[in-house]
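Residue strings, one per chain:
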Amino acid sequence: MRVTRKKGPLYSQIRDIIRDRILHGIYAIGTNIPSEPQLEKEFNVSKITVRNAIKELVQEGYLETKSGKGTKVIQNTTASKLSRGKRFTEILVEKGHQVQKHLLDVKAVQNGEETELFRLFGDQCLRVERLYYLDGEPYIHYTHYLSRILLDEELAAFKDQSLYKLIEDKNIEMKTFRDQFDVTDVPAYVAEKLEIDKEKPVLKRERYSYDEHDQLVEYSEGYYNTKRQKYLINYDA
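Definitions and cut-offs
Residues numbered from 1 in each chain as written. Predicted model: local features only at pLDDT ≥ 70, side-chain atom pairs only at ≥ 80, totals over all residues. Heavy atoms only, no water. Pairing = 2+ DSSP bridges. Helix = DSSP H or I, 4+ residues; strand = E, 2+ residues; numbered from the N terminus. Axes fitted to C-alpha atoms, helices over the stretch in contact; angles between N-to-C directions. Buried < 20%, exposed > 50% of the residue type's maximum accessible area, 1.4 Å probe, protein only. Arc of directions from axis to C-beta. Contact = heavy atoms within 4.5 Å. Salt bridge = Lys/Arg side-chain N within 4 Å of Asp/Glu carboxyl O. Polar contact = N/O pair within 3.5 Å; in protein donor to acceptor, adjacent residues only side chain to side chain.

### What about the sheet that holds strand E3 (residues 99-110)?
And step 1. Overall, antiparallel pairing links the 6 strands, which are arranged E3-E4-E5-E8-E7-E6 in an open sheet. On the outer flanks of this sheet lie E3 and strand E6 (174-184), each paired with one strand and no other. The sheet shows a mean angle of 15° between the axes of neighbouring strands, taken without regard to direction.
And step 2. One ladder, built from 11 bridges, connects E3 with strand E4 (residues 124-134); its direction is antiparallel. Bridge pairing in E4 links lysine 107 to arginine 127.

### Concerning helix H2 (residues 36-43)
And step 1. Among the residues of H2, those classed as buried are Leu39, Glu40 and Phe43. The buried residues of H2 all sit within an arc of 105° when viewed along its axis, so they share a single face. For H2, the exposed residues set more than 90 degrees away from the buried face come down to Pro37 and Lys41.
And step 2. For H2, the elements touching its buried residues are helix H1 (10-23) and helix H3 (47-59).

### What about the pattern of salt bridges?
And step 1. In this structure the tally under the stated criterion is 14 salt bridges.
And step 2. In this structure, arginine 15 engages aspartate 16 in a salt bridge whose closest nitrogen and oxygen atoms are separated by 3.1 Å.
And step 3. Two residues, arginine 148 and aspartate 123, come together in a salt bridge whose shortest N-O distance is 3.6 Å. Of this pair, arginine 148 sits in the loop between strand E5 (137-146) and helix H6 (155-160) while aspartate 123 sits in the loop between helix H5 (118-121) and E4; the two residues are 25 residues apart in sequence, bridging distant segments of the chain.

### Comments concerning the side chain of arginine 15
And step 1. Within the secondary structure, arginine 15 sits in helix H1.
And step 2. Apart from residues lying up to four places away in sequence, arginine 15 is in contact with Ala53, Glu56, Leu57 and Glu60.

### Describing the side chain of lysine 101
And step 1. Within the fold, lysine 101 resides in strand E3.
And step 2. Separated by 2.9 Å, the side chains of lysine 101 and aspartate 20 make a polar contact.
And step 3. Apart from residues lying up to four places away in sequence, lysine 101 is in contact with Asp20, His24, Arg130, Leu131, Tyr132, Lys159, Gln161 and Ser162.

### As for the pairing of strand E7 (residues 202-211)
And step 1. For E7, the tally of buried residues reaches 10 of 10 residues, placing the bulk of the element in the interior.
And step 2. For E6 and E7, the ladder comprises 10 bridges, and the chain directions are antiparallel. Across the sheet, the residue bridging to glutamine 180 is glutamate 206, located in E7.
And step 3. As judged from the 8 bridges shared by E7 and strand E8 (residues 216-224), these two strands associate in the antiparallel manner. From the neighbouring strand, glutamate 206 faces E8, where its bridge partner is glutamate 221.
And step 4. Once E7 ends, the chain turns through 4 residues before running back antiparallel as E8, passing aspartate 214 with a positive phi of about 65°.

Take a look at the structure:
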């Protein structure tokens, strides 16, 4: 996997990728992450770069390092900016599931291609299509539409990091999230990706995400195969 100095310090990019894998259950709680030599080879970086990434994750409380025993995952949740509750994927990971995200497509969309969007974004926006797998089975299909802020990002960034982290790296603070849900027919191409019957309605979530100036930064549509797993929300008192 490639990391590049154009995106900032290499260790911080590796830290973010490892953290994301922990939060999605790829590196499960109670298990060891790959060894330092394995990570050096995967990211093509030096030993000190890997050690700095691990050091920060230890300080953040995700990892524990013991001499001769490797580096173990001890926490797989983080404070969410979306609400006082935990993120949906975090709840699934806590229950022992593994959540993997696959990037299907990244495309700059011009006015006229998807007309309705330009009521929200103007003459151009970025479309990111992802498929999430739950324990190896297709579970959620997301299409994210983002303002022009991410048009210059490299393709690899969308494979390995969360969209909200990429937005944060642009010094944009997300302040407001509005979700609305519906039970609706699923587009044929989405049904194919989710391996479900296109004639049966599914849960659809639409999200509008705004910055501190109340400007729309992201609009997304997610289709959930709730036959595999119900949509879960935890609220903390």
